[in-house]
Amino acid sequence: MFRNYFKTAWRNLLKNKTFSAINISGLAIGMAAFLLIVNYLRFEYSFDDFNTNKGHIYRVPTMITETGGKPQTFAFTFPALAPAMKKDFPEVQEAVRFRKRWGVVQHADQKIIENGMIYYVDPSVFNVFSFEFEKGAAANAFTQLNDAVITHTTAEKYFGAENPVGKTLHYDNEDYIVTAILKDIPANSHLQFHILLNYNKYIQITNGDANTSWGWSDFYTYLLLKPGVNVNALQAKMPAFAQRYMGDDMKQNGYACSFQLQPLKDIHTRSIYDYEFDGSGNLYFLKYLGIAALIILLIALINYINLSTAHSLERSKEVGVRKVVGATKLQLVRQFLAETFLINAFGIIIGFFLFKLALPQFSQIINQNVTDLQTGNLQFWAIIFSIFILSTLLAGFYPAFILSSFQPVQTLKSISGFTGIKRSRNFLRKSLVVLQFAAAIVLIGGAIGFYRQLQFMSHRDLGIDIKQTLVLQQTQNIDSSKINVVEAVINDLQKIPGVENVTISSDVPGNEVGSSSSFRLINSNYDKRCRTFGIDENFIPHFGLTLLAGRNFDKDKPAGSDTSQVLNIIINATAAKVFGFNKPKDAINQLLKCAGFTCKIIGVMNDYHQQSLQYSFDAVVYYPDRHINMTNFSLKLNTKNLTQVVNQAKKTWSAAFPQSPLQFFFLDEYFNRQYNSDQLFSTILWWFTTLSIIVASLGLLGLSLYTVAKRTKEISIRKVLGASVFEITTLITKDYFKLIIYAGVMAIPVAYFLLQNWLKDYAFHITIGWWFFFLPLLLILGIALLTVSYQSVKAAFANPAKNLRTE
């Protein structure tokens, strides 16, 4: 019996090749796109799942609120917090601190720059996190102060095929012994590193400050809570804990400090804190991609349902004949569901293979290895099976259960007896077309909005000139006795043909300023926390910055150990407002206190975008510093022969600093890297938006083919009676245009709401204008016109005698 069902289904599939091909290809493309997005979302939401204790691990970020100021959030905290929490709270089983470091690591004659991939960690790190050992064990990883643990790839980089255990790495004037090798850190870990060093060594290096300080932050701190701990109850104890250890300082300096318990699973996608690890996910992006995945699948299923219902009444007489010869309703239901099952099976199988083919290329686009998460677990196959059953039932329901309920005497009569059925069928099909194109318009609106925001960020005036700027970075600390060497290097760099001028600074645009301090106006009771930025006298003219009041540095003395001297500083316009000055000129010659020093404001600089336009302007204090303490040499170029300048700069650098391998980049490229994740999301969204349009157009093509086929004789008669090609084309296309207009009315408010929510994440963003309400609709109307018009024009030019000769 079942064999006969599938045999008949196969014949019907071959009989209607065009509609079957449209159905199968639309479903296959929709399924492949859906699986690609779902697989990527699984990767993003799987971050840190490899940790056995993932449900009991929490990070402790810090929030500081100054009197009259906004809360400042930090992903890290103070080094004294970890031992204090372990001592005060029996709920805490383990605590581990991560202190990020940079610099050159040397083995033999090999020197490698490790940019933020070195961490000092407490020995308890392996009790908290489930990093797998390749060689060695957690018990003996950090038994000595100078022990080091490295990853598999790092071991190969430094030691090749040798066994690195027991070998030496030289870093920051110390020799460290490799005691263990970890397997490479999973790509879906928010903690990424190459080298781990014993935190107890860092305590020794800092004379104990890295264990006792409640004023020095920069320490990422994690807790492993005991099973059964009520996290909300523990969080409720944190204000008293902060008061116990920091109450006097908070009262004296006019600020409030609070500590949060952030679940490990929230760090990658839900973190709201500054100084977060690189590569953090964007929850809004992920949600929007999830919506896009459902929209594409919905469009594919609507195609299927529409074409199935369009053909349903064509088979009403077939149902009548089958019932006359004895077919039961159950047998008819099985027959129609078997046909749906067969088409769905083809669509999903082809879609799965398209997914497999596209996955490596998709991994390259997103720069993530998501190929390992494809078909390995039961969840993946559960998704496939659920989609298959759902699409089979949805697409097969109408012909299977509605047509099988017709009486034979009705189905064998003229089709005019089915007026009510036709109306019901037409209403369902039109509603689904509206829903389908509404979904496509939402995607198009979002894609256009994201693109315009990217263009806005790329072309907005940053307030600082970063073009034609080559930055050379020190990778190793320079001895204070080398100040004359630094001065000589600056002079030599300026002599290179094509170099207009040189400036040095502690930071460059494109980075979050890495240091901050509390400043207090003389005669004020409240501190204001500002970012601190070391520059020389060339920085402001070099980058085309503007002084709103006061003067620039002019060989001003940097801060020394003598706190009795007055340190000249420059502040930005935002800092002037934070300190309460109504006009920039009001700040000139005002005195501030900071860490025992008296600071005198000699200038107010214009605000500029230090970071991406996602962030608002920070209050920044610029101070003069010794050249040896500033790691960024910025060269303003006035030549197109960049290769020659770079090569000469390398020679100058290597001659002066042989112990410090050169690291360099062009500042505009460095700045724009901040938008990589935004550009990636926009690219992904455009690709899948295009696929959704293709799938929707396939459905529209199928419906237009059906419509033209059903109205062939009507078109011929109209043509004989004098209708023009334009009138006939308009007759067929106007109904679809109406449906798309309805879809636009329904979809544009939804797209507007989603885009507005996304733009809230950007301190500087586009204004959604009239273009948003017309562009998506015009685009989809143009695509629909191309899709439907071809069939309409073809029918209008057909020979009416050929179509009417059977009448």
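Residues numbered from 1 in each chain as written. Predicted model: local features only at pLDDT ≥ 70, side-chain atom pairs only at ≥ 80, totals over all residues. Heavy atoms only, no water.

Visitor: Quick one: what's the story with the overall build of the protein chain, residue by residue and with numbers?
Guide: Scanning the protein chain from terminus to terminus reveals 26 helices and 24 strands. With 807 residues in all, the protein chain has 52% of them scored as buried. The long-range fraction of contacts in the protein chain, counting pairs at least 24 apart against all pairs at least 6 apart in sequence, stands at 80%. A total of about 36,700 Å² of accessible surface is found on the protein chain, and carbon and sulfur atoms cover 56% of it. (Helix = DSSP H or I, 4+ residues; strand = E, 2+ residues; numbered from the N terminus. Buried < 20%, exposed > 50% of the residue type's maximum accessible area, 1.4 Å probe, protein only. Contact = heavy atoms within 4.5 Å. Areas by Shrake-Rupley, 256 points an atom, 1.4 Å probe, with all protein chains shown as cover.)

Visitor: Describe the pairing of strand S10 (residues 195-198), naming the residues involved and giving the relevant values.
Guide: Taken together, the four bridges between strand S5 (residues 110-121) and S10 define a ladder with parallel strand orientation. The residue bridging Val121 from the neighbouring strand is Asn198, located in S10. Of the strand pairs in this sheet, strand S7 (residues 147-151) and S10 are connected by three bridges, and their pairing is antiparallel. Bridge pairing in S10 links Ile150 to Ile195. (Pairing = 2+ DSSP bridges.)

Visitor: Outline the packing of helix H23 (residues 712-720) against helix H24 (residues 725-759), supporting the account with residue identities and numerical values.
Guide: It is at 10 Å that the axes of H23 and H24 come closest, and there the two elements cross at 150°. Read as a crossing pair, H23 and H24 show a hand that is right-handed. Counted together, Glu714, Ile715, Arg718 and Lys719 of H23 and Ile728, Leu731 and Ile732 of H24 form the full contact between these two elements. Of the residues belonging to the contact of H23 with H24, the class tally is four nonpolar, no polar and three charged. (Axes fitted to C-alpha atoms, helices over the stretch in contact; angles between N-to-C directions. Left-handed = near helix turned anticlockwise from the far one by under 90°. Nonpolar A, V, L, I, M, F, W, Y, C, P; charged D, E, K, R; others polar.)

Visitor: Kindly report on helix H9 (residues 238-253), identifying the contributing residues and their values.
Guide: The sharpest bend along H9 comes to roughly 80°, located at Met246. Buried residues along H9 sit against helix H3 (81-88), helix H8 (231-236), strand S12 (255-259) and strand S16 (516-521). Within two residues after H9, Gly254 carries a phi angle of roughly 70°, on the positive side. (Bend = angle between axes of the 7 residues up to and from the residue.)

Visitor: Hey, could you go over the packing of aromatic side chains for me, with residue numbers and the actual values?
Guide: Between two aromatic rings, the relevant description is the distance of the centres plus the angle of the planes. Across all of its chains, the model carries 52 aromatic pairs by this definition. Aromatic side chains Phe50 and Phe131 sit 6.1 Å apart centroid to centroid with 40° between the ring planes, which places their arrangement in the tilted category. With Phe50 in the loop between helix H2 (17-45) and strand S1 (57-59) and Phe131 in the loop between helix H4 (125-128) and strand S6 (133-135), this pair connects stretches of sequence that are 81 residues apart. Its relative accessible area of 7% is what places Phe131 among the buried residues. Measuring from ring centre to ring centre gives 5.3 Å for Tyr288 and Phe450, while their planes differ by 75°; the resulting arrangement is edge-to-face. Remark: Phe450 occurs in helix H16 (residues 419-459) and Tyr288 occurs in helix H11 (residues 283-312); sequence separation between them is 162 residues. (Phe/Tyr/Trp six-rings, centres within 6.5 Å; stacked < 30°, edge-to-face > 60°.)

Visitor: Can you break down the nonpolar core residue by residue, with the values?
Guide: Tyr288 and Ile780 are the most contacted members of the largest nonpolar core, which has 119 residues in total. Here Tyr288 is in contact with Val442, Leu443, Gly446, Phe450, Phe681, Leu685 and Leu754, once residues within four sequence places are set aside. (Core = buried A, V, L, I, M, F, W, Y, C linked by side-chain atoms within 4.5 Å.)

Visitor: How would you summarise the state of the cysteines if you had to cite specific residues and measurements?
Guide: Scanning the entire structure with this criterion turns up zero disulfides. The thiol sulfur of Cys530 is not disulfide-bonded, and the nearest other cysteine sulfur, from Cys594, lies at 8.9 Å. (Disulfide = S-S within 2.5 Å.)

Visitor: Please provide a residue-by-residue account of the pairing of strand S4 (residues 92-107), values included.
Guide: Counting buried residues in S4 gives twelve out of 16 residues, a clear majority hidden from the surface. Two elements, S4 and S5, share nine bridges in a ladder whose sense is antiparallel. Looking at S5, one finds that His107 is bridged to Gln110. Linking two consecutive strands that pair antiparallel, namely S4 and S5, is a turn of two residues; a positive phi of about 60° is found at Ala108 within it.

Visitor: Break down the confidence of the model for the protein chain for me, citing the residues and quoting the values.
Guide: With 87% of its residues at a pLDDT of at least 70, the protein chain reaches an overall mean of 85. In the predicted structure, residues 415-419 sits below a pLDDT of 50 and forms six contacts with residues beyond four places in sequence or in another chain. (pLDDT = per-residue confidence, 0-100.)

Visitor: Kindly report on empty space enclosed by the protein, identifying the contributing residues and their values.
Guide: Tallying each qualifying case throughout the model produces two cavities of 30 Å³ or more. Put simply, the largest cavity is a space of about 180 Å³. If you trace the largest cavity, you find 16 residues lining it, with Tyr608, Gln610, Gln611, Phe617 and Asp618 closest to the centre. At the level of elements, strand S17 (528-535) and strand S22 (620-624) are the ones that each hand at least two residues to the lining of the largest cavity. Taken together, the residues that form the lining of the largest cavity break down as seven nonpolar, six polar and three charged. Put simply, the second largest cavity is a space of about 40 Å³. For the second largest cavity, the full set of lining residues is Val105, Ile118, Ala148, Leu169, Tyr171, Tyr176, Ile195 and Leu197. (1 Å grid on protein atoms, 1.4 Å probe; cavity = no way out; pocket = protein on both sides within 12 Å on 5 of 7 lines; lining within 4 Å. Points joined across faces, edges and corners; volume = space filled by probe spheres on them.)

Visitor: Would you mind going over the side chain of Thr787 in detail, with residue names and values included?
Guide: Secondary-structure assignment places Thr787 in helix H25 (residues 771-797). Classification of Thr787 by relative accessible area gives buried; the value is 13%. Among the polar contacts made by the side chain of Thr787, one reaches the main-chain carbonyl oxygen of Ile783 at a distance of 2.8 Å. Once residues within four sequence positions are removed from consideration, Thr787 is found in contact with Ser697, Leu700, Leu701 and Ser704. (Polar contact = N/O pair within 3.5 Å; in protein donor to acceptor, adjacent residues only side chain to side chain.)

Visitor: Outline a nonpolar patch on the surface, supporting the account with residue identities and numerical values.
Guide: A contiguous nonpolar surface patch, about 350 Å² in accessible area, is contributed by Phe346, Ile350, Leu354 and Leu357. Looking at the element boundaries, Phe346 is found in helix H13 (residues 329-366). The class for Phe346 is partly exposed, based on a relative accessible area of 30%. (Patch = residues over 30% accessible without salt bridge, like charges linked within 9 Å, V, L, I, M, F, W, Y side chains within 5 Å. Salt bridge = Lys/Arg side-chain N within 4 Å of Asp/Glu carboxyl O.)

Visitor: How would you sum up the side chain of Gln611? Please name residues and give values.
Guide: Take Gln611: it is sitting in the loop between strand S21 (597-605) and S22. A relative accessible area of 13% places Gln611 in the buried class. In contact with Gln611, not counting residues within four places along its chain, are Asn511, Glu512, Asp618, Phe671 and Gln674.

Visitor: Lay out the sheet that holds strand S2 (residues 62-66) in plain terms, naming residues and giving numbers.
Guide: Here we have three strands laid out as an open sheet, ordered S3-S2-S12, and antiparallel in their pairing. Among the strands making up the open sheet, the edge pair consists of strand S3 (71-74) and S12. On average, each strand axis in the sheet is tilted by 20° relative to the strand beside it, whichever way the strands run. Note: S2 against S3, four bridges, orientation antiparallel. Pairing of Ile64 across the sheet is with Gln72, part of S3.

Visitor: If you had to explain the pattern of salt bridges to someone new, which residues and values would you point to?
Guide: On inspection of all chains with the given rule, the structure shows 18 salt bridges. We note a salt bridge from Glu114 to Lys157, for which the minimum N-O separation is 3.0 Å. Highlighted residues: Glu114 in strand S5 and Lys157 in helix H5 (residues 152-159), separated in sequence by 43 residues. A residue is classified by how much of its surface remains accessible, and Lys157, at 31% relative accessible area, is partly exposed. For Arg531, the salt bridge is made with Asp618, and the minimal N-O distance between the two is 3.3 Å. Pair noted here: Arg531 is in strand S17 and Asp618 is in the loop between S21 and S22, with a separation of 87 residues, a long-range link. On the basis of relative accessible area, Arg531 is assigned to the buried category, the value being 10%.

Visitor: An account of the environment of Thr639 is requested, with residue identities and associated values reported.
Guide: Summarising the element assignment, Thr639 is placed in the loop between strand S23 (632-637) and helix H20 (642-656). For Thr639 and Glu500, which are 139 residues apart along the polypeptide, the C-alpha to C-alpha distance reads 9.1 Å.

Visitor: Report on H20, specifying residues and quantitative values.
Guide: The end-to-end C-alpha distance of H20, which contains 15 residues, comes to 21 Å, matching closely the 21 Å that a straight helix rising 1.5 Å per residue would cover. Here H20 has its buried residues at Val645, Val646, Ala649, Thr652 and Trp653. One side of H20 holds all its buried residues, which, seen down the axis, span an arc of 130°. Those residues of H20 that are exposed and aimed more than 90 degrees away from the buried face are Thr643, Lys651 and Ala655. (Expected span 1.5 Å × (residues − 1). Arc of directions from axis to C-beta.)

Visitor: Help me get a handle on the environment of Asn163, residues and values and all.
Guide: With respect to the secondary-structure elements, Asn163 resides in the loop between H5 and strand S8 (168-171). Residue class for Asn163 comes out partly exposed when judged on its relative accessible area of 39%. Separated by 15 residues in sequence, Asn163 and Val178 place their C-alpha atoms 9.9 Å apart. A polar contact of 3.2 Å, which involves the side chain of Asn163, links it to the backbone nitrogen of Val165.

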